Structures are given as structure tokens and as C-alpha cells.
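# Observations on the three-dimensional arrangement
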Amino acid sequence: PSAQQELEALYAGIARTHEEVNDEWRLRVYPLVRQVVGDTRPVLLAFLGAAGLLLVIVCANVANLLLARGLGRRQELAVRAALGADRARLVVGILTESLVLSFVATAGAAVLSLGATRALVRLAPPEIPRLDEVVLDARVLAFAALLSVVATALFAVLPALRVTAWNLAE
């Protein structure tokens, strides 16, 4: 049984033996997390949704930039194909370039996020509980790096396949 159920059972036992127990006075049990940080779940979920939406928008923009860049390199890729490079090799080359670009961008974003986290903690009001424990740890950075690689692979494959889809006879 939960703590609230146990408390209700104890309260009922006390009420049977003592007439002065009043229904106006009730004890409630709240989770420790709610007591310490309050009800922050909706706000955090809204921030998570906003960050996810921002990531999708950025990935779509990067995919469009990669497609435009690839279309600009179409002649170069056609020459490579005419010299014997197969489509898979061309796609792997485009993906490699995209992953290097993604790695540099992720490293820059990690450095910026470390500085931004420290600045926001300094600027936050002191009444926010456990504010001194806010850090950007290795798990968060590893997740961001993994997400960056996956997003790059997903959003670079389609433009790479689109750019390399041609009829060399044309």
C-alpha cells in the first residue's frame, strides 16, 4: 500500500477511538520530488517539445542545404561517375563530408551549451531549488553526439541519393 493509504488507515483508527478527531484536519502525503522542486513536469515537457521541434527544423534546413550543395556539385559527381566511381562510393563520400561537418557543428554546440548552462545558472533566481546541481554531464553530451550522427545520417542520405540519381547518357 502507498503511504497515503497507510495514513488513511491510521487516521480511521484514531478517529474511531477519539471523538475529537475532526474531518477538517487531514494529513496528506506528497512525493519528495514534488516537495523539493514543485510541479515542474509540464514546463520541462514544454521545453523538451520546443527543443525537439527546433531540432527537426534545423535538420530539415541542413538537409535542404546539403541538397542544394549537392546539386551544385552535380557536374563534379557526374565526372567522377564517368571515371568509374559507382553510386555507392559517391554516396559514402557525401555522407563522410556531412558527418565531418556534423562533428564540427556538434563540438561547437557542446562548447556553447557548456557556457550557456553556466551563464543561465548564474542569472537564475536563487530561490530555484537545487540550482547548484545543474550541470551538462557526459551522458547529455554523448546523447547529443549520438543524436547528431543519427540526424546527419538520416538527413544526408536522401539528398545524397537524390544528387547521384542520374542517367549518364543524358
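Residues numbered from 1 in each chain as written. Predicted model: local features only at pLDDT ≥ 70, side-chain atom pairs only at ≥ 80, totals over all residues. Heavy atoms only, no water.

## Observations concerning the overall build of the protein chain
Keep this limit in mind: Under the DSSP-based scheme used, a helix requires at least four consecutive residues in state H or I and a strand at least two consecutive residues in state E, with every element numbered from the N terminus. For the radius of gyration, the atoms used are the C-alpha atoms, and the globule rule reads 2.2 Å times the number of residues raised to 0.38. The rule is simple: take the accessible area with a 1.4 Å probe, protein chains only, and divide by the maximum for that residue type; under 20% is buried, over 50% is exposed, in between is partly exposed. In this analysis, two residues are considered to be in contact whenever any of their non-hydrogen atoms come within 4.5 Å of each other. Here the open area of atoms and residues is found with the Shrake-Rupley method and a 1.4 Å probe, where only the protein chains shown may cover a residue. Only four residue types enter the charge count: Lys and Arg as positive, Asp and Glu as negative, with His and the chain ends excluded. By convention, charge coordinates are those of NZ in Lys, CZ in Arg, CG in Asp, or CD in Glu.
Along the backbone of the protein chain there are 6 helices and 0 strands. Overall, the protein chain shows an N-to-C arrangement of helices and strands of α-α-α-α-α-α. Compactness check: the protein chain gives a C-alpha radius of gyration of 28 Å against a globular reference of 15 Å for 170 residues, more than 25% above the reference. Structurally, the protein chain occupies a C-alpha span of about 100 × 35 × 20 Å along its principal axes. Counting the 170 residues in the protein chain, one finds 15% classified as buried. Partitioning the contacts of the protein chain with sequence separation of at least 6, the portion at a separation of at least 24 is 68%. Element-wise, carbon and sulfur atoms account for 68% of the exposed surface of the protein chain, whose accessible area totals about 13100 Å². Here the protein chain contributes 16 positive and 15 negative side-chain charges, whose respective centroids are spaced 16 Å apart.

## Some points on the nonpolar core
Just so we agree on the cut-off: As used in this record, nonpolar core signifies buried Ala, Val, Leu, Ile, Met, Phe, Trp, Tyr and Cys residues forming a set joined through side-chain atoms within 4.5 Å.
Core analysis: the biggest nonpolar cluster contains 7 residues, these being Leu 77, Ala 81, Leu 90, Val 91, Ile 94, Ala 160 and Val 163. At the level of elements, α4 (74-82), α5 (87-123) and α6 (138-163) are the ones that each hand at least two residues to this core. The greatest single-element share of this core, amounting to 3 residues, is contributed by α5.

## Description of the packing of helix α3 (residues 41-72) against α6
Helix-helix packing: each pair is described by the crossing angle between the helix axes and the interaxial distance. The condition that has to hold: The angle between two axes is taken between their N-to-C directions and runs from 0 to 180 degrees, where each axis is a line fitted to C-alpha atoms and a helix contributes only its stretch in contact. Less than a right angle of anticlockwise turn of the near helix away from the far helix marks a crossing as left-handed, whereas a clockwise turn marks it as right-handed. Only Asp, Glu, Lys and Arg are considered charged in this grouping, and only Ala, Val, Leu, Ile, Met, Phe, Trp, Tyr, Cys and Pro are considered nonpolar; every other residue, Gly among them, is considered polar.
It is at 9 Å that the axes of α3 and α6 come closest, and there the two elements cross at 35 degrees. Handedness of the crossing formed by α3 with α6: right-handed. Residue-level inspection shows Leu 55, Cys 59, Ala 60, Ala 63, Leu 66, Leu 67, Gly 70 and Leu 71 of α3 in contact with α6, the latter providing Leu 147, Ala 151, Phe 155, Ala 156, Pro 159, Arg 162 and Val 163. Broken down by class, the residue content of the contact of α3 with α6 amounts to 13 nonpolar, 1 polar and 1 charged.

## Section: the pattern of salt bridges
Quick note on the threshold: In the sections that follow, a salt bridge refers to a side-chain nitrogen of Lys or Arg positioned within 4 Å of a carboxyl oxygen of Asp or Glu.
Enumeration according to the criterion identifies 2 salt bridges in this entry. Where Arg 80 meets Glu 76, a salt bridge forms, and the shortest distance between an N and an O atom there is 2.9 Å. Here Glu 76 and Arg 80 lie together in helix α4, a separation of 4 residues that amounts to about one turn. Among the residues examined, Arg 80 registers a relative accessible area of 40% and is labelled partly exposed. For Glu 76, a relative accessible area of 34% puts it in the partly exposed group. The partner of Arg 139 in a salt bridge is Asp 137, with the nearest N and O atoms 2.9 Å apart. Under the relative-accessibility criterion, Arg 139 is labelled exposed at 68%. Among the residues examined, Asp 137 registers a relative accessible area of 24% and is labelled partly exposed.

## So, a nonpolar patch on the surface
Note the threshold: Residues qualify for a patch when their relative accessible area is over 30% and they have no salt bridge, like charges being joined within 9 Å and the nonpolar side chains of Val, Leu, Ile, Met, Phe, Trp and Tyr within 5 Å.
Together, Leu 146, Val 150, Leu 154 and Phe 155 give the surface a local cluster of nonpolar side chains, amounting to about 370 Å² of exposed area. Along the chain, Val 150 turns up in helix α6.

## Some words on the packing of α5 against α6
At their nearest, the axes of α5 and α6 sit 9 Å apart, and the two run at 145 degrees to each other. For the pair α5 and α6, the sense of crossing is right-handed. Packed against α5, whose contacting residues are Arg 87, Val 91, Ile 94, Leu 95, Ser 98, Leu 99, Ser 102, Thr 106 and Ala 110, the element α6 presents Leu 141, Ala 145, Ser 148, Val 149, Thr 152, Ala 153, Ala 156, Val 157, Ala 160 and Leu 161 at the interface.

## A word on the side chain of Thr 152
Basically, it comes down to this: As used in this structure description, the phrase polar contact means that two N or O atoms lie within 3.5 Å; if the pair is within protein, one of them must be able to donate a hydrogen and the other to accept it, and residues adjacent in sequence are counted only when both atoms belong to side chains.
Tracing the backbone through its elements, the reader meets Thr 152 in helix α6. A distance of 2.7 Å separates the side chain of Thr 152 from the backbone oxygen of Ser 148, its partner in a polar contact. Leave out the neighbours within four places in its chain, and Thr 152 touches Ser 98, Leu 99, Ser 102 and Val 157.

The values reported here are purely geometric and, on their own, carry no functional implication.
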